[in-house]
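Structural overview
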Amino acid sequence: MRREGSKAFYIHTFGCQMNQADSAIITSLLQREGYHPAENENDAGIILLNTCAVRENAVDRIEHYLQHLQGMKKRDKGLIVGVAGCVPQFQREEMFTMSPAIDFLAGPDTYRTLPLVIEQARAGIRLASLEFNAAETYEGIDPVREGLISAVVPVMRGCNNMCAFCVVPFTRGRERSHPFKSVIVEVQKLVASGYREITLIGQNVNSYSDPEDGHNFADLLDAVSSEAPMARIRFTTSHPKDISEALVRTIAERRNICNHIHLPVQSGSSRMLDLMNRGHTIEEYREKIALIRSVIPGVALSTDIIAGFCGEQEEDHQATLELLSAVRFDSAFMFFYSERPGTLAARTLEDDIPEAVKKRRLQEIIDLQNSISDKHYQDTVGTVVEVLAESESRRSSEQLMGRTDTNRVVVFEREHYQAGDRLNVLISSATSATLIGRPEHGVVQH
Ligand code: SF4
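Thresholds applied
Residues numbered from 1 in each chain as written. Predicted model: local features only at pLDDT ≥ 70, side-chain atom pairs only at ≥ 80, totals over all residues. Heavy atoms only, no water. Helix = DSSP H or I, 4+ residues; strand = E, 2+ residues; numbered from the N terminus. Rg over C-alpha atoms; globule rule 2.2 N^0.38 Å. Buried < 20%, exposed > 50% of the residue type's maximum accessible area, 1.4 Å probe, protein only. Core = buried A, V, L, I, M, F, W, Y, C linked by side-chain atoms within 4.5 Å. Salt bridge = Lys/Arg side-chain N within 4 Å of Asp/Glu carboxyl O. Phe/Tyr/Trp six-rings, centres within 6.5 Å; stacked < 30°, edge-to-face > 60°. Near = heavy atom within 4 Å. Nonpolar A, V, L, I, M, F, W, Y, C, P; charged D, E, K, R; others polar.

1. What to know about the overall build of the protein chain
Across its full length, the protein chain carries 13 helices and 19 strands. Rg of the C-alpha trace for the protein chain: 23 Å, near the compact-globule value of 22 Å for 446 residues, within the 12% margin. Along the first, second and third principal axes, the C-alpha atoms of the protein chain reach 60 × 55 × 50 Å. Burial statistics for the protein chain: of 446 residues in total, 54% are counted as buried.

2. Focus: the nonpolar core
Residues Val155, Leu200, Phe217, Ile261 and Phe309 are the most contacted members of the largest nonpolar core, which totals 66 residues. With six residues, the single largest contributor to this core is helix H7 (residues 217-227). Judged by nonpolar contacts, the second largest core, of 26 residues, contains Cys52, Val59, Ile62 and Leu69.

3. A closer look at the pattern of salt bridges
This structure, assessed with the given rule, holds 26 salt bridges. As a salt-bridge pair, Glu245 and Arg249 come within 2.9 Å of each other at their nearest N and O atoms. One end of the pair is Glu245 and the other is Arg249, both in helix H8 (residues 245-253) and four residues apart, which spans about a single turn. The exposure class of Glu245 is partly exposed, given its relative accessible area of 43%. Looking at Arg249, the relative accessible area reads 37%, which means it is partly exposed. Linking Glu364 and Arg360 is a salt bridge whose minimum nitrogen-to-oxygen distance equals 3.4 Å. You can see Glu364 and its partner Arg360 sitting in helix H13 (residues 355-380), four residues apart, about one turn around the helix. Among the residues examined, Glu364 registers a relative accessible area of 29% and is labelled partly exposed.

4. Some remarks on the packing of aromatic side chains
In this description, an aromatic ring pair is defined by two values, namely the gap between the centres and the angle between the planes. Summed over the entire model, instances satisfying the criterion amount to five aromatic pairs. Geometrically, the ring pair formed by Phe165 and Phe309 is edge-to-face, given 6.3 Å between the ring centres and 85 degrees between the ring planes. One end of the pair, Phe165, is in the loop between strand S8 (156-157) and helix H5 (168-171); the other, Phe309, is in the loop between strand S13 (300-307) and helix H11 (314-327), with 144 residues separating them in the sequence. On the accessibility criterion, Phe309 (0% relative accessible area) is buried. Each ring, one from Phe309 and one from Tyr337, has its centre 4.8 Å from the other, and the planes form 75 degrees; the classification is edge-to-face. Taken together, the residues span a long stretch of sequence, with Phe309 in the loop between S13 and H11 and Tyr337 in the loop between strand S14 (331-336) and helix H12 (344-348) at a distance of 28 residues.

5. Observations regarding the site of the ligand
Around the ligand lies a shell formed by Cys159, Asn161, Cys163, Phe165, Cys166, Val168, Pro169, Gln203, His239 and Arg278. Residue composition of the shell around the ligand, by class: six nonpolar, three polar and one charged.

Given below as structure tokens:
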């Protein structure tokens, strides 16, 4: 049984890397005030759900988890439950009606208020701390990260685009970039702690603009790459309209910047891109792909696709299949459209594609992309790739799992290697999502 007033907290994080980074910030903020992380939810006096509103099933999972917490609260009256992140920011006080288990709500810009909000919850006051703060970047907070190999570093928050299907502008507010100098200081700390991979993240990371000196994302990536020459540098997620030649050249010139760009396209049809309010045509997207491939040989590209968005005709769907065949992405996140309340699409467009049609189109997209990914991976069999070992493989303690700089997952014989090693691996076989092999030549670097 928990003690009334326990300062042990447990965060359950849903959704994207940005939410994981926010959980690391929340942990730091709570520790400053004398709270401490619990090993698991059973040992915690405070359970916090850091939530994501992007996908419908993510919200369903949160509802389901709240039912479970309600059962826990019946057995332990001292337990405090809070919901943070994008779902309460969007649903606001109405969220309290989702479950009586909820004691407080906090939005992405109000995490500094959490200690106060928890105190109020203990006093029986159900607070919703949901103000937007366009200046909040959590500068000066040292995130408490899990693991010692890969670190994500948020460099900007929010988004000024208004893609019709997307809830992010309404949950995370206006775009704001972290000061260039503070990103560099954080990277220096990560280097001193021995991190082997640093991923710069933002909803629209390549629209980064230093609020003090106006440095752009290419400048930032270049500086981070110099500060951390022994680490791999990644970044996500990029918007096609903000891919500049300077950025592409920086990736090509810097050996430790990974040869992988995730560049969401969503549809292969300019008509759909217009309805989606993406801010570019498919021809412009293809021009960016051509630029990237001409400057960075061997680059791996991945993307996001939405099947069955409002008004999508069969020819629009065919255009998406044609794009996949032409670009031959390494991999893709593929979904069928589901309306998110409050978005531009929900307010102005009719969700008019029958679910059966959406699912059929999605399946055609998945089948095509899987065959393309499979070919990419099969082409790697017999070659040697450089891998950063991340962890033990899920299947066997005799194997490690890591990634190539093109972000392909590799499972290989462990031998004497350990997580954090960079080594060459000879690929002996492949599925459409995993390369399998054994070490070759010895460790590249420690
Ligand atoms: S760029 Fe579009 S899809 Fe990405 S976060 Fe902004 S509004 Fe959403």
